[in-house]
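# Structural description and commentary
These are the residues of each chain, in order.
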Number of protein chains: 2
Amino acid sequence: MNKFLTFLLVLVVVISCNEKKESIVSIDDNQHPNLILTAKSVSEIKEKLGNIPVFDETLKTTKETVDAAIKKGIDVPIPKDMAGGYTHTQHKANYANMQKAGVLFQLLGDEKYAIYIRDMLLEYAKMFPTLPRHPQTRSYARGKIFWQCLNDSNWLVYTSQAYDCIYSWLPKEQTTYLNKTLFRPYADFLSIETPQYFNRVHNHSTWGNVAVGMIGLVMDDEELVNRALYGLNKEDVDLTAKDNDGGFIFDKDGKAGFLANVDSPFSPDGFYTEGPYYQRYAMYPFLIFAEALQNKKPELKIFEYKNGVLIKAVDALLNLTDADGEFFPLNDGQKGMSYYTSSLVSAVDIAYYYGNQDPKLLSVAKKQGAVQLDATGLKVAIALKEGKEKPFVKQSMELSDGSKGDEGGIGILRYNNGDETIALVYKYAAQGLSHGHYDKLSFSMYENGDEVLQDYGLSRFVNVEQKNGGGYLKENKTFAKHTIAHNTVVQNEVSHFEYKYSKGSKNHSEKYVFDASNPSFQIVSAKENNAYPGTQFHRTMVMVKDESLDKPFIIDVFKINADKKNQYDLPFYYFGQIISTNFDYNTPKTLSTLGDNYGYNHIWNEGNGVANQESIQFTWLDNRRFYTITSATNKNDELILARIGANDPEFNLRRDPSIIIRKKNAQNTIYASIIESHGNYDPVKEVANNAYSNFSKIEVISDNANYTAIKIKFKDSKEKILILSNLKSDSGIEHSVTINGRNYSWKGFYYFK
Amino acid sequence: MNKFLTFLLVLVVVISCNEKKESIVSIDDNQHPNLILTAKSVSEIKEKLGNIPVFDETLKTTKETVDAAIKKGIDVPIPKDMAGGYTHTQHKANYANMQKAGVLFQLLGDEKYAIYIRDMLLEYAKMFPTLPRHPQTRSYARGKIFWQCLNDSNWLVYTSQAYDCIYSWLPKEQTTYLNKTLFRPYADFLSIETPQYFNRVHNHSTWGNVAVGMIGLVMDDEELVNRALYGLNKEDVDLTAKDNDGGFIFDKDGKAGFLANVDSPFSPDGFYTEGPYYQRYAMYPFLIFAEALQNKKPELKIFEYKNGVLIKAVDALLNLTDADGEFFPLNDGQKGMSYYTSSLVSAVDIAYYYGNQDPKLLSVAKKQGAVQLDATGLKVAIALKEGKEKPFVKQSMELSDGSKGDEGGIGILRYNNGDETIALVYKYAAQGLSHGHYDKLSFSMYENGDEVLQDYGLSRFVNVEQKNGGGYLKENKTFAKHTIAHNTVVQNEVSHFEYKYSKGSKNHSEKYVFDASNPSFQIVSAKENNAYPGTQFHRTMVMVKDESLDKPFIIDVFKINADKKNQYDLPFYYFGQIISTNFDYNTPKTLSTLGDNYGYNHIWNEGNGVANQESIQFTWLDNRRFYTITSATNKNDELILARIGANDPEFNLRRDPSIIIRKKNAQNTIYASIIESHGNYDPVKEVANNAYSNFSKIEVISDNANYTAIKIKFKDSKEKILILSNLKSDSGIEHSVTINGRNYSWKGFYYFK
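The model shown is predicted, which means the values in this text are computed figures rather than measured ones. (Residues numbered from 1 in each chain as written. Chains lettered and ligands numbered in written order. Predicted model: local features only at pLDDT ≥ 70, side-chain atom pairs only at ≥ 80, totals over all residues. Heavy atoms only, no water.)

### Section: the overall build of chain A
Along its length, chain A carries 17 helices and 28 strands. Rg of the C-alpha trace for chain A: 28 Å, near the compact-globule value of 27 Å for 753 residues, within the 12% margin. Expressed as lengths along the three principal axes of its C-alpha atoms, the size of chain A is roughly 90 × 60 × 55 Å. Within chain A, contacts between residues separated by at least 24 positions form 66% of all contacts whose residues are at least 6 apart in sequence. Total accessible area on chain A is roughly 27,300 Å²; 48% of this is exposed by carbon and sulfur atoms. If the 85 positive side-chain charges of chain A are averaged to one point and the 91 negative ones to another, these points end up 2 Å apart. (Helix = DSSP H or I, 4+ residues; strand = E, 2+ residues; numbered from the N terminus. Rg over C-alpha atoms; globule rule 2.2 N^0.38 Å. Contact = heavy atoms within 4.5 Å. Areas by Shrake-Rupley, 256 points an atom, 1.4 Å probe, with all protein chains shown as cover. Lys, Arg positive; Asp, Glu negative; His and termini not counted. Charge placed at Lys NZ, Arg CZ, Asp CG, Glu CD.)

This is the structure we're talking about:
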């Protein structure tokens, strides 16, 4: 217990305008706080207070919040409500305020904050021993204070920090009482008593692990710390159990605990397999516990674990955002969540402090306008004061998926021209655990901060009580996770892997090529061979910046090989209003659904046409910009103008439109499309600039097992040829092929001229 | 011709940093320019250039635009295309660039600008004499250069200014040639040869009048100036003819010309009966011609005409905007048009100069960031430089309609709390000429710059060629103008006045009360007795700011008396997603339209319920805010969840939702509702604040010919009683009434406690 014990003598010199003080403070390393704040960092911060603007501002806001809470009085109600309801919200506020009060007590020295925490903890300690599991029975792992253990863990992660801040201030008999009556039982409840929650690889479990670990570190309870790091004994648990999200409760090889949760869901690039929305949620426990471990168990070298993946994860996460800092809603992601969330404030500060003090992180911190109130936030605030920040310009990049980085990934192609940015997000990753969607080779596209072609995200109103208690809505499973809700191909109106989690989670797409080295021709390509047995998908997306055009355009080549004839549907989920089509279509007098299952039951068929030509065009207006998709078609390809919203008795779904290109009775085939942002509309000047596509046509001029060749024709009759190699990718190979009597020779994966 | 002739000697003193120059300029009042720029103002402006930031900046932008145009070369194509098409856009650019070049020639003295105008005018003079009417036959008054005379008039209004700027520079024989070959024939074409266009009261005709008047002033052609001011002789024209908008071509009493166009459509408050979108369009010709008249015929005292209505009109127009400066889309209005449009830059500057130099106008000019490049803009720029601006805080106000101000009006109730604003726009005006909608007693509501309950506006994509050449879409007549497209009552599924323009334009609603003197209780009330023969509507809207609530709420009382049983529908066009309802409803498996005519044919029926209680609640989330309508119902009232978009083969309509409260087999009845903005959702914090309504119920506790009494119950069980007098309004009357055994006594129109 005493192994951390050392003594430090710190000479604190405070220099302000007119006076110079010196004081000698005796700091005992084993003296609390020693979890996130430490006696040393408290002393350093106090020295600088008043002179570190972002830190001072954050402290001020924090003080206002807590002072208001103290004024309102302590309220520890008997747990009753779902998320968004009164008792839920109150307990949530309680842990947040306690954590803040702990910091204020340490930094401002005002005992009222310590008293507030103590009195509240005593209330919890009074209630806890007789508390049954929460009366709301919806969760696979019901909590005591909240409807699910997840929220109980949130409580303990934050409260541990508060407790640490007053630990040394409390009389010994009170810490003994609280440890025994409240905290150790609480930790056992979350772990031993709820193994299906604690002992798996999942963001929920990470919270559980960290809750147990944090309180273990505070109480110097090695057993709890080890349980947090390594999980429960696997003999004690059923490895085949499933949670009520449809996820396996335990990792395939039975690993569990915090380190397993770092090992398994993170790829070596720092991508978290559940997707950025859940990564954002999980980053806080990952990093706050890492910081605590670094403070109390530096010999673990947690920030170097798996080649420093925790720091890389912060960089990955910041890159998984649009121009407004909002996370791409891959898998179950709620739109609007952004790097302004408090867990990212912590993450950025911790990554700056424990990483390489990357000055690009500072510009994010500056936008956030707040810091974590500890040594990491202090360092960031000082660096900002010194003007050290550099712009965080998001670049094209690939983030591999899979714990070894060999389970596909996410390819992001980007165009940056000052404030004008376009981003293409292409997903060829693994299933993403229970929050994964069945959307192999899907993509989304952004212009500036706006979605152009959307990923629907989840179907949920997080913490809006009226909407199913703030929890997932039925339509998440019946629509949002389905393939047809995404910009990728559905075969025979059945979702990928027959919408079976057991199948989906055994497979992943395969990266084929990622090359963003040439800003005028960035390419990403991947294959999916398992979504439909007997069918191979190979989708290549290229971002081309042609000199003659203001903005880049996308070439999208989706090649399909199958062992039988199928129907294929490729939707493009645009927004806004249709401006023109070059194909005829009929609009029905009454609306029916597109199908009966796999999400088709949630889609209205608003219009139907047949291509009747070799290339169709579809132009729409959204956010005062014009967009066109030009797509090579067979004459009998069908075009469906669709809209989400059927069979939605509680209006849980957004009424968003899409155009679906349907190929019936096709076996091997190709979808080849150009996607472009080409103009804008100014409603004040009432001027439409470049309202027409820059292209007249796209054609597949050759396609076989070896090569796929595409010809695109510009409006001004300029032509370009794109040839993609379908051979095993090797950038060194020399290719030579004759198409329509002309020979093309090149080296590497593609030809484009 | 020589009656304006005077001579002035002006001593111009230019002081710059290091030098002092003196020069004596001889200015001849009859010397051009003397229309908008004058020799005197040119001299004053030149003196200040480089020292008046907004003016300098505007001049710089103008120079860049024109220099680029000159570089591109002169292009005067044979007219061919519709709006948005090539020849249309080119001719539009030509007149805009000529007008700007004229200003640049005068202010910068570079002859290349004069040469550019001269050469272009010679091209037009070459083409014009043999030009037939435009090949596109859609307009009731086809132009020559454009598809409609309206655009030809735009051309002449701008080109007159350019011509004036180079008139004295051109050799006499060239002005003689241009006057005879191009301008006089052009003016005759727009007037004598197109009487159905020129000789009526309509924004189109205003442009025609001004075009003829401006060129008349340039050429000192009194006959044209008089024709512009007073119209053609009425003996020559057919008073019963209609245009192809469905409007009467001539004013009821046969008045025409510019002064008639000031007299008739403007109310004494400066409200223009067509609505703000067309007022904005018309303000430019109204004010630019007024400025020209003031310069050349000051004896007309045009700015004092009709008690200075032209200046008042600018103030009215600025008040008819939301927090972002966008005009309320009353009648045919395209959303997004705002006071940033160039015609409002002119309007604000002219109103400042010729009005009382209202410093509030300066803050609008500051936002616009540009000024008119003449004496008015100079004055504004100098005042801005001197920091004279005051905030333009829009207040609650009533704007009467009708040339005498006795044909109803628009009542705007406003709440301002810093950046937090709520505006209720209640329409009880006259028909609004051919651009009017059939929406008696309708309203719309705004929060900050966002629409909460919308007015659909027009159905058109102005200048987007793919959408019907940028012109009105069929759906404007079949949906957007209809009653069901608005937040007001439809009887028996037939639009007001049976959707007949001849009936609508004979009638108007009647103001009953407007009182915004108490910011905690602002009230507006009006009656409509003619929309449906035998039925009287009386709608009262109140904006209440209760101390216990953060924001004001609206009480909406729509009282109906009829001589027989009818069906009534009251829609509320909200945006966003439904959060909860306290009534049950069914959602159909297939969607059908609400009806077959009067706009009902464009609405899908997405859900149906029956109230089954005395008060229903409907909560939705939009723009991260929660809203609720609480409405008193009879148990068998029906609720319809509707969405626009049926029978829309070209997807011209937006898929916007509404909730319709339907009362069947009702004779005398009341819709009494509370409309409130009560909370917000933060997707970063994932917190829903005040997601529930502040009210539990609204009841009609008494209703008869004399009084209507409403009880509203707050969630915390507080109650308030609202009693409205239905007697002829008289704020002095003492009232006493007993309801449910309790006596209420008060003075004036309403009781609220």
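### What about the relation of the copies chain B and chain A?
Laying chain B over chain A is done by rotating through 180° and shifting 0.0 Å along the axis; what remains is an RMSD of 0.0 Å. Here the transformation between the copies is reduced to the relation of a two-fold axis. By C-alpha distance to the rotation axis, the residue of chain B lying nearest is Leu591 of chain B, at 2.4 Å. Same-surface contact between copies: 100% of interface residues of chain B are shared with the interface of chain A. (Least-squares fit on C-alpha atoms with pLDDT ≥ 70 in both.)

### So, the sheet that holds strand 6 (residues 442-447) of chain A
Residues and elements named next belong to chain A. Ordered by their spatial adjacency, 5 strands build an open sheet running 3-4-5-6-7, and the pairing between neighbours is antiparallel. Only two strands of the sheet have a single neighbouring strand rather than two, namely strand 3 (397-400) and strand 7 (450-453). Strand-to-strand twist across the sheet, computed as the mean angle between neighbouring axes with direction ignored, equals 20°. (Pairing = 2+ DSSP bridges. Axes fitted to C-alpha atoms, helices over the stretch in contact; angles between N-to-C directions.)

### Let's talk about the sheet that holds strand 25 (residues 719-725) of chain B
Residue and element names in this part refer to chain B. Reading across the sheet, the 4 strands line up as 23-24-25-28 and stay open at both edges, with antiparallel pairing between neighbours. One side of each edge strand has no neighbouring strand; the edge strands of this open sheet are strand 23 (695-703) and strand 28 (750-752). For this sheet, the mean angle separating the axes of adjacent strands, direction not counted, is 10°. Relative to strand 24 (residues 707-714), strand 23 runs antiparallel, the two being bridged by 7 bridges. Considered in strand 24, the bridge of Lys697 is made with Lys713.

### A few points about the pairing of strand 18 (residues 625-632) of chain B
Residues and elements named next belong to chain B. Burial of strand 18 is extensive: 8 of the 8 residues sit out of reach of the surface. Residues of strand 18 alternate between two faces, with Arg625, Tyr627, Ile629 and Ser631 on one and Phe626, Thr628, Thr630 and Ala632 on the opposite face, all of them buried. Looking at chain direction, strand 17 (residues 615-622) and strand 18 are connected through 8 bridges and run antiparallel. Counted as the bridge partner of Thr619 is Thr628 from strand 18. Here strand 17 folds back onto strand 18 in antiparallel fashion, the turn holding 2 residues, of which Asn623 has a positive phi close to 50°. One ladder, built from 7 bridges, connects strand 18 with strand 21 (residues 669-682); its direction is antiparallel. Bridging from a neighbouring strand, Thr628 pairs with Glu676 of strand 21. (Buried < 20%, exposed > 50% of the residue type's maximum accessible area, 1.4 Å probe, protein only.)

### Quick word on the packing of helix 11 (residues 276-296) of chain A against helix 13 (residues 342-354) of chain A
Residues and elements named next belong to chain A. The contact between helix 11 and helix 13 brings their axes to 9 Å, and the two run at 40°. Here helix 13 runs oblique to helix 11, going by the angle between their axes. When the axes of helix 11 and helix 13 are compared, the crossing they make is left-handed. Facing helix 11, whose interface residues are Arg280, Met283, Tyr284, Leu287, Ile288, Glu291, Gln294 and Asn295, helix 13 presents Ser343, Leu344, Ser346, Ala347, Ile350 and Tyr354. In terms of residue class, the contact of helix 11 with helix 13 is built from 8 nonpolar, 4 polar and 2 charged. (Parallel < 35°, antiparallel > 145°, perpendicular 65-115°, else oblique. Left-handed = near helix turned anticlockwise from the far one by under 90°. Nonpolar A, V, L, I, M, F, W, Y, C, P; charged D, E, K, R; others polar.)

### Quick word on the interface of chain B and chain A
Opposite the 53 residues of chain B that make contact, chain A presents 53 residues. When chain B packs against chain A, close to 4,300 Å² is buried across both sides, 52% of that on carbon and sulfur atoms. Ranking the residues of chain B by area buried against chain A places Gln466, Phe651 and Glu686 of chain B at the top, with a combined share of 18%. Along the contact surface separating chain B from chain A lie 3 salt bridges. Between Glu606 of chain B and Arg655 of chain A there is a salt bridge whose closest N-O contact spans 3.7 Å. (Buried area = accessible area lost by both parts, 1.4 Å probe. Salt bridge = Lys/Arg side-chain N within 4 Å of Asp/Glu carboxyl O.)

### So, the pattern of salt bridges
Summed over all chains, the structure comprises 83 salt bridges over all chains. Between Arg184 of chain B and Glu223 of chain B there is a salt bridge whose closest N-O contact spans 3.4 Å. With Arg184 of chain B in helix 6 (residues 172-190) and Glu223 of chain B in helix 9 (residues 222-230), the pair connects residues that are 39 residues apart, well separated along the chain. Arg184 of chain B sits in the partly exposed class, given a relative accessible area of 22%. Here Arg662 of chain B and Asp569 of chain B are joined by a salt bridge, their closest N and O atoms 2.7 Å apart. Taken as a pair, Arg662 of chain B in strand 20 (residues 657-666) and Asp569 of chain B in strand 13 (residues 566-572) lie far apart in primary sequence, 93 residues in all. Taken individually, Arg662 of chain B and Asp569 of chain B each receive the classification buried, so the pair is uniform in this respect. Each member of the salt-bridge network shares a partner with another, and the members are Arg184, Asp188, Asp221, Glu223 and Arg227 of chain A.

### Remarks on the confidence of the model for chain A
Residues and elements named next belong to chain A. Counting all residues, the mean pLDDT for chain A is 93, and 93% of those residues have values of 70 or more. Note on residues 1-27: pLDDT under 50 across the span, and 48 contacts to partners over four residues away in sequence or across chains. Of the two predicted TM-score estimates for the complex, the pTM is 0.92 and the ipTM is 0.92. (pLDDT = per-residue confidence, 0-100.)

### Observations concerning the environment of Gly576 of chain B
Residues and elements named next belong to chain B. Its place among the elements puts Gly576 in the loop between strand 13 and strand 14 (577-581). A relative accessible area of 38% means that Gly576 is categorised as partly exposed. Separated by 311 residues in the primary sequence, Gly576 and Pro265 have C-alpha atoms spaced 37 Å apart. The residues contacting Gly576, other than those within four sequence positions of it, are Leu621, Asp622 and Pro657.

### Description of the environment of Val210 of chain A
Locating Val210 of chain A in the fold gives a position in helix 8 (residues 203-218). Sequence-distant contacts of Val210 of chain A, that is, excluding residues within four places in its chain, are made with Val157, Phe258, Pro285, Ile288 and Phe289 of chain A.

### Side note on the packing of aromatic side chains
The full count for this structure, using the stated rule, is 86 aromatic pairs over all chains. A cation over a ring is seen here: Arg460 of chain A above Tyr472 of chain A, with NZ or CZ 4.6 Å from the ring centre. (Phe/Tyr/Trp six-rings, centres within 6.5 Å; stacked < 30°, edge-to-face > 60°. Lys NZ or Arg CZ within 6 Å of the ring centre and 35° of its normal.)

### Focus on the packing of helix 6 (residues 172-190) of chain A against helix 8 of chain A
All names here are of chain A. Interaxial distance between helix 6 and helix 8 falls to 9 Å at its minimum, and their mutual angle equals 155°. Taken together, the axes of helix 6 and helix 8 are roughly antiparallel relative to one another. Seen along the crossing, helix 6 lies across helix 8 with a hand that is left-handed. Contacts between helix 6 and helix 8 involve Phe183, Ala187 and Leu190 from the first element and Ala211, Val212 and Ile215 from the second.

### Some remarks on the side chain of Asn487 of chain B
Residue and element names in this part refer to chain B. One can find Asn487 in the loop between helix 16 (474-480) and strand 8 (490-491). In terms of polar contacts, Asn487 uses its side chain to reach the backbone carbonyl oxygen of Phe443, at 2.9 Å. Within the structure, Asn487 has its side chain in polar contact with the backbone nitrogen of Tyr573 (distance 2.8 Å). If near-sequence neighbours (up to four positions away) are discounted, Asn487 is found in contact with Leu441, Ser442, Phe443, Ser444, Leu453, Gln454, Arg539, Leu570, Pro571, Phe572 and Tyr573. (Polar contact = N/O pair within 3.5 Å; in protein donor to acceptor, adjacent residues only side chain to side chain.)

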